[in-house]
Amino acid sequence: MSNKVRVRFAPAPTGYMHIGNLHTALFNWLFARKQGGAMILRIEDTDELRSTSDALQVIYQGLKWIGLDWDEGPDVGGESGPYVQSERLDIYQEYLERLLDAGRAYECFCTPEQLEERREVMRARGIPPKYDGRCAQLSEDEREELRAEGGESCIRFRVKETGTTVIQDIIQGEVCYENSLIGDPVIVKTSGFPTYHFACVVDDHLMQITHVIRAVEHLPNTQIHIQLQEALGIARPQYAHLPLILGEDRSKLSKRHGAVAVTDYEEQGFLPEAMFNFLALLGWSPGDEQEVMTREQIVERFSLEACDKSPSIFDVQKAEWMNGEYMKRMDAAPLAERLLPLLVEAGLVETQPSAGRWQWLVQVVDLMKERTPLLTTFVTWGRYFFTNDYEYENRAREKWLNREDTPEKLGALAARLQLLEPWDHQTIEGTVRGLAEELEVSAAKVIHPCRAAVTGTTIGPSLFHLMGLLDQDDVVRRLQRTAQRARAGELAPLPNENE
RNA sequence: GCCCCCAUAGUCUAGUGGUUGAGGACGCCGGAUUCUCAGUCCGGAAGCCGGGGUUCGACUCCCCGUGGGGGUACCA
């Protein structure tokens, strides 16, 4: 047997996939790729009530979005399949027999209601609410009797009553748990499905997982897992428990933190490579000051030993900054390809743009990418490139469109631009500056109203370059239309809604 | 309640018992850019949780406290 590294990402297909899950998947993947090992995707759908096929699709989608691949899994197969736990029930049964035969597992007839009641009592008395083990002592006759009465049962694992379980964790270091503090956990539910602890241990063994890399919330469970491994006589993998990602209020990430699902970030306009980079830097640092790195650089420098123990907060602002960096550094053409679907959806660009139109789009992207943090901001901030139907922002109205001398300037500019040839940024600039000179005002006094009229906003890229990319007739019409509306007093500042 | 873990600016982090007057990044503030800023450049404010030890010397080691987090399910 080779000593090749094998890791697994083992999500439960319940609900949505949040950013913390993706983080765990990413670190598993980074370690696998760095070590030249295998990444296995295993679906832990032992929660029959909450597992859904929709959730499963969301997992695939999330992993694919950020660019993680796997060497073995439900869809790609592999030698250790099946990779979905609900399809491995007979396997668990086999291992259960071993435990039963060894006297390390037993039937428990306590009902959930009884258990909850007893836990309450224990809590009230201030003692650890662990299972009291009452069914552990049942004789075969007593069990027979309970079954005859129609009592339903589950199977519990008999944990050690004394001693300490020591975990050597690559990230957390040495952690000890007292065996006397936990009760016998359920390993097979009344339904016949295994619980997480049991299925996980059996599968990690059968799939020859060498490194279990998962969130730190599983660290206490490792005590049970190790005892299960000992009882079964199977090898113990290495453990690496990752710190959690917390919401802004420092609590575990959940729906009430707003955007936590991977799909939320995709919809918000994050580039997967930026998210990849950003997530890699949560709980891990390359040790130097480089932050924006390629996937290859991250893989090259990654190590579990360099992972931090303390939890981190997902800072959306920094994530957006990182995304902006990626947009800036990306070539315009590939970026335009990412943008196209959003522009089509917004009804701003046709699904199959002509070659000329595409060339033009690339130029627009090149002009705008410097200042757009997200794909979606490109669409909103760059709207005026694609349509004459845009709003005049309040700042534009206040500062320029509401001025008495504006209509006249815009009109004069429209008249000159109408005849301009060629239509490029140099000649446009010459015309605009020339007008300013004739009017004996600074260039800014023409540039600003012009920008406000042509784009509806006070900010954006170089005005002359921007105009050069717009259609000449459109620009003239926009100037005329704005002048007209300004004269009619339609462009006065709007009443401030939120203040 | 009990068990475990964590603790460098608002956030992500680097960091060594003395070379640190603690480095970088996001964000924030200020200046510049006479075409704006949501762009760019420059500058700035902001931190080693508190208290005890150990030591010639602690941000760095130990203890206690405080704060935060996780676990304590027939969820994973």
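Reading the values: the criteria
Residues numbered from 1 in each chain as written. Chains lettered and ligands numbered in written order. Predicted model: local features only at pLDDT ≥ 70, side-chain atom pairs only at ≥ 80, totals over all residues. Heavy atoms only, no water. Helix = DSSP H or I, 4+ residues; strand = E, 2+ residues; numbered from the N terminus. Contact = heavy atoms within 4.5 Å. Disulfide = S-S within 2.5 Å. Buried < 20%, exposed > 50% of the residue type's maximum accessible area, 1.4 Å probe, protein only. Near = heavy atom within 4 Å. Polar contact = N/O pair within 3.5 Å; in protein donor to acceptor, adjacent residues only side chain to side chain. Nonpolar A, V, L, I, M, F, W, Y, C, P; charged D, E, K, R; others polar. Core = buried A, V, L, I, M, F, W, Y, C linked by side-chain atoms within 4.5 Å. Axes fitted to C-alpha atoms, helices over the stretch in contact; angles between N-to-C directions. Parallel < 35°, antiparallel > 145°, perpendicular 65-115°, else oblique. Left-handed = near helix turned anticlockwise from the far one by under 90°. Pairing = 2+ DSSP bridges. Right-handed = clockwise from strand over helix to strand, strands pointing away. pLDDT = per-residue confidence, 0-100. Expected span 1.5 Å × (residues − 1). Arc of directions from axis to C-beta.

(A) A look at the side chain of Ser 312. Summarising the element assignment, Ser 312 is placed in strand β11 (residues 312-313). With residues near it in sequence (within four places) discarded, Ser 312 still touches Leu 244, Ile 245, Leu 246, Leu 282 and Gly 283.

(B) Representation of the state of the cysteines. Going through the model one piece at a time under the given rule, you end up with zero disulfides. Unpaired in terms of disulfides, Cys 135 finds its nearest cysteine sulfur in Cys 110, a separation of 3.6 Å. Under the relative-accessibility criterion, Cys 135 is labelled buried at 5%.

(C) Fine view of the protein's contact with RNA strand B. The full set close to RNA strand B counts 66 residues, and Lys 309, Arg 371, Trp 381, Ile 459 and Gly 460 are the nearest of them. For RNA strand B, the backbone makes up 70% of the atoms found within 4 Å of the protein, where backbone means sugar plus phosphate. In this structure, a phosphate oxygen belonging to RNA strand B sits 2.7 Å away from a side-chain N or O atom of Lys 189. One nitrogen or oxygen atom from the side chain of Gln 317 is found 3.5 Å from a sugar or linking oxygen belonging to RNA strand B. The set of elements that each furnish at least two residues to the surface near RNA strand B consists of α4 (112-124), β4 (154-157), β6 (173-178), α6 (196-206), β11, α11 (316-329), α19 (444-455) and α20 (463-469). Residues that form the surface near RNA strand B fall into these classes: 28 nonpolar, 18 polar and 20 charged.

(D) Focus on unusual backbone geometry. Looking along the chain, the bond that leaves Gly 81 and enters Pro 82 is cis, with omega of -5°. Mapped onto the elements of the fold, Pro 82 is located in the loop between α2 (53-66) and α3 (89-101). Cis rather than trans, the peptide bond between Glu 421 and Pro 422 has omega equal to -5°. Inspection of the secondary structure puts Pro 422 in the loop between α17 (406-418) and α18 (425-439). Residue Gln 208 is not a glycine yet carries a positive backbone phi of 55°.

(E) Layout of the side chain of Asn 28. Considering the arrangement of structural elements, one finds Asn 28 in helix α1 (residues 19-35). Judged by relative accessible area, Asn 28 falls into the buried class, the value being 0%. A distance of 3.0 Å separates a polar side-chain atom of Asn 28 from the backbone oxygen of Thr 24. The residues touching Asn 28, leaving out its near neighbours within four places in the chain, are Val 7, Arg 8, Met 39 and Ile 213.

(F) Fine view of the nonpolar core. One finds Leu 63, Leu 279, Phe 314, Phe 385, Phe 386, Leu 417 and Leu 479 to be the most contacted residues of the largest nonpolar core, which totals 114 residues. In terms of residue count, the dominant contributor to this core is α1 (nine residues). Core analysis: the second largest hydrophobic core is formed by 19 residues, Tyr 92, Tyr 95, Ala 105 and Ile 155 among them.

(G) Quick peek at the packing of α1 against helix α9 (residues 272-280). Between α1 and α9, the shortest axis-to-axis distance is 10 Å and the interhelical angle comes to 85°. When the interaxial angle is binned, α1 and α9 end up roughly perpendicular. Residue-level inspection shows Ile 19, Leu 22, His 23, Leu 26, Phe 27, Trp 29 and Leu 30 of α1 in contact with α9, the latter providing Met 275, Phe 276, Leu 279 and Ala 280. Tallied by class, the residues present in the contact of α1 with α9 amount to ten nonpolar, one polar and no charged.

(H) Spotlight on the environment of Arg 397. The residue Arg 397 is located in helix α16 (residues 394-401) in this model. Residue classification places Arg 397 among the buried positions, given a relative accessible area of 5%. Along the backbone, Arg 397 and Thr 458 are 61 residues apart, and their C-alpha atoms lie at a distance of 9.2 Å. Look past the residues within four positions of Arg 397 in its chain and what remains in contact with it is Tyr 392, Asn 402, Glu 490, Leu 491, Ala 492, Pro 493 and Leu 494. For Arg 397, the side chain forms a polar contact with the main-chain oxygen of Tyr 392, separated by 3.0 Å.

(I) Local environment of the packing of α6 against helix α7 (residues 222-232). For the pair α6 and α7, the least separation of the axes is 10 Å and the interaxial angle reads 55°. The orientation of α6 relative to α7 falls into the category oblique. Considering the relative orientation of α6 and α7, their crossing is right-handed. Across the interface between the two elements, Tyr 196, His 197, Phe 198, Cys 200 and Val 201 of α6 pack against Ile 224, His 225, Leu 228 and Gln 229 of α7. Taken together, the residues of the contact of α6 with α7 sort by class into six nonpolar, three polar and no charged.

(J) Spatial organisation of the pairing of strand β1 (residues 6-9). Here β1 shows two buried faces, one formed by Arg 6 and Arg 8 and the other by Val 7 and Phe 9. Summarising the sheet, β1 and strand β2 (residues 38-41) pair through four bridges and their orientation is parallel. By the bridge assignment, Arg 8 is partnered in β2 with Ile 40. Each parallel crossover has a hand, and the one from β1 via α1 to β2 is right-handed.

(K) Inspection of the confidence of the model for chain A at higher detail. Looking at chain A as a whole, its pLDDT mean stands at 95, while 99% of the residues score no less than 70. As scored by the predictor, the complex reaches a pTM of 0.95 and an ipTM of 0.95.

(L) Examining helix α21 (residues 472-487) more closely. Compared with the 22 Å implied by 1.5 Å per residue over 16 residues, the 23 Å span of α21 between its first and last C-alpha is a close match. For α21, the set of buried residues is Gln 472, Val 475, Val 476, Arg 478, Leu 479, Thr 482, Ala 483 and Ala 486. Within α21, the buried residues cover an arc of 160° as seen down the axis, which keeps them to one side. Among the structural elements, α15 (383-386), α16, α17, α19 and α20 are those in contact with the buried residues of α21. Here α21 starts with a cap whose side-chain oxygen sits 3.1 Å from the backbone nitrogen of Asp 473, and that cap is Asp 471.

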